[in-house]
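# Fold and contact review
Spelled out from the first residue to the last, the chains are:
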Amino acid sequence: MSQIVKLLLSLSLSGSILAVLIFAVKPFIKHKLSKSLQYYIWIVVLLRLTLPFSFETSIINRIFYGNQIPVVATSQEGVQPIVGTSKNIPNSNPLLSVQENVANGVYNGDNDHGRYFQDLFNQYAIYIWLLGVIIALTVNLMGYVRFLKYLKASNILATNRENEMLAILLNKRRNVRLARNRFINTPMLIGIVRPYIIIPDIKFNDKQLKNILLHEIIHLKRFDIAVKWLTMIVSSLHWFNPLMYFIRKDINNSCELACDEAVIKNLSPAEKQDYGDTLISVVALNKYPSGILQVTMCEEKKGLKERLLAIMHHTKKSKKIIAFSVILLGLLIFSALYLGAGVGTKKNTPPNVTYDLSEISKYKTPYVGDNSKVSVIVNALPMPDNYFKQQYISIEAEDKPYKLNVFYEAKKGESHISEWPIVGHNNATYSNMNKNALVLFCMIDNLDEVTFAFRDSASDGKLDDSKYDTSFTITRTSIEKQYGDISKLASKLDLLQDALSKL
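The following paragraphs examine the structure supplied in this document. Since the structure is predicted, the reported quantities are computational estimates derived from the model, not experimental observations.

### Quick word on the packing of helix H9 (residues 243–264) against helix H10 (residues 269–282)
- Packing of H9 against H10 leaves a shortest axis separation of 10 Å and a crossing angle of 145 degrees. As for the relative orientation of H9 and H10, their crossing is right-handed in sense. Each of Asp-260, Val-263 and Ile-264 in H9 lies in contact with H10, whose residues at this interface are Lys-272, Tyr-275 and Leu-279.
- Considering only residue class, the contact of H9 with H10 consists of four nonpolar, no polar and two charged.

Following this line, the structure appears as C-alpha cells:
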C-alpha cells in the first residue's frame, strides 16, 4: 500500500476515534462546560486529522507498523546453503505493477483473485484518493468563487452610521469593510485577507446593529474563517470518511455557540435578551451551501433554540469548572498524541551494510546453474535482518526465465518478529533484499529472477516451500529500470559499491 495512503488512513482512524469520544461525552458536558472549550476541542481533532506527528510507540503507529525491532544486517556466519530443487514461489512484487505481476505469472495460483484485487487496490488507491480530493476541493472552491461574485455584484456601501459604529467597536485597529446586500437575510463575515462584514439591506436599530457587529467581530478576532477553511480542507482530504460530515456540522454549530458566549459574557440580562431578539430577527430563511466558507450570525432555525437556551442559561463558570475544562482539554491533547498516526519508525531506516565485493566477485559466473559458485555467492550476502538465517536455495535453470530462490527461516530461539508478514518498501528487510538482488544479478549473468522467501519458524531440516508464506520476487528488468545496464556495475566494483550505498 502507498505510504501516503497508509498515513492518511491512520490519521483518519486516529481523528475518528477522538471524534467518537467527543460525541460520547458531549451529552454530559454540553450544558456544564464553556462553549469555547467545546469549540476548541474540535480544533484538536482537526489537527489530529491533519498533522502526521506521532511518537513511535503510539497506538495507531503500532497498529499500522507493529512494534518493529531494530534491524542489523549480519553475515551468514558460515551457514552453508542446501541446494535443492523446488518450483519458484511467486509473490506480488511491490516494485512491479499489477500488469507486470500478471505477465510474470504471480497470480496463477490465486484462485479467489484475492491477492490480485489487493495488489490492484494498492496500486491505484493513491489515485482514487487524489481524484476524490480534487473533486471535493473543486466543488467547494467553485461554490465559494460563485458566491463571492454573486455578493460583489450586489453589495452596496454601508451607511456612515454603520461604518462609524464598526470603527468604534474595532477601536480602529482592523481594516474590515462593511457592506449591505439585499440578497442575503442574515449577517455574515467572509474573507481572510480582506474580510467583509455583510449585513442584509434592511433597517436595524442601534441595539440590533451593535449586536450584529459584535458577533461578527468576535468571529474575526477568533479567526473562525480560518478554522472554516481548515475544516473544509480536512474534510476534502478525508472525503472517504463518513464521520467527517458530522464533525464538520458540529464544528460549525460549536463555533456559533462559542461566539454567542463571547459576546454575552459581560452583558446584563436585558442586553442578553436584546441579543437573543437580534438572533431571532436575522435567522436565515434558507441554509447556505456548506462550501460557502463564511460565518453567518444565525443560519438555521433548527439551531436557534439551542443558542437561545444557551444565552438564557449562561452563567459565569466556577473555578472548579474552569480547572476541569483545562484538565479535559489536556486529556484530549494527550489522547491525540497517544493515539498518534502511522508514520513508521526510525527502525525502518535501512542499516549501513557492507559487502566484500572483491571476495564475492571471485565466484562470478555466467550461469545460474553453476550450483557451487551460486551457493558461495548467496552465502556471502548479508542477512536481510538479524532475525532470519538463510538455510536453502533452489535453482530453476532448465527454461527461461532462469530463477534463483533463496529461503530464509527464523533462527532457533528467536522470539516472534514484530512485523510479520514483511510488507512495504520502507521496510529495512525489503531494502536489504533489494541490495542482495542487485549483487546477485551482477554476479550471475543469466539470472532473470530472484525470489526471497521467508517463514516465521525454524525448519526441520527439509525444504518445504509451502511453509514460506511471505516471498518477494525481484526481476532483472525491475533492477535495470533503476540502474540501466547492470553489466557495467558488474565489471566495475566501485560503481556497484556506490549503487549499493544509495539503495
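### A short note on unusual backbone geometry
- Note the cis peptide between Lys-400 and Pro-401, where omega equals 0 degrees.
- By the element assignment, Pro-401 lies in the loop between strand E7 (388–396) and strand E8 (403–410).
- Even without a glycine there, the phi angle at Phe-223 is positive, about 55 degrees.
- In this structure, Phe-223 sits in the loop between helix H7 (206–221) and helix H8 (224–237).
- Assessed through its relative accessible area of 54%, Phe-223 is described here as exposed.

### Quick word on the pattern of salt bridges
- Here the structure, examined in full by the defined rule, presents 10 salt bridges.
- One salt bridge connects Arg-307 with Glu-256, and the closest N-O pair in it is separated by 3.6 Å. Placement of the pair is Arg-307 in helix H11 (residues 301–312) and Glu-256 in helix H9, with a sequence separation of 51 residues. Like Arg-307, the residue Glu-256 is buried in the burial classification.
- Linking Lys-364 and Asp-445 is a salt bridge whose minimum nitrogen-to-oxygen distance equals 2.8 Å. Of this pair, Lys-364 sits in the loop between helix H13 (357–360) and helix H14 (371–380) while Asp-445 sits in the loop between helix H15 (428–443) and strand E9 (449–455); the two residues are 81 residues apart in sequence, bridging distant segments of the chain.
- Taken together, the salt bridges that share partners define one network made up of Glu-162, Arg-180 and Asp-201.

About the thresholds
Residues numbered from 1 in each chain as written. Predicted model: local features only at pLDDT ≥ 70, side-chain atom pairs only at ≥ 80, totals over all residues. Heavy atoms only, no water. Axes fitted to C-alpha atoms, helices over the stretch in contact; angles between N-to-C directions. Helix = DSSP H or I, 4+ residues; strand = E, 2+ residues; numbered from the N terminus. Left-handed = near helix turned anticlockwise from the far one by under 90°. Contact = heavy atoms within 4.5 Å. Nonpolar A, V, L, I, M, F, W, Y, C, P; charged D, E, K, R; others polar. Buried < 20%, exposed > 50% of the residue type's maximum accessible area, 1.4 Å probe, protein only. Salt bridge = Lys/Arg side-chain N within 4 Å of Asp/Glu carboxyl O.

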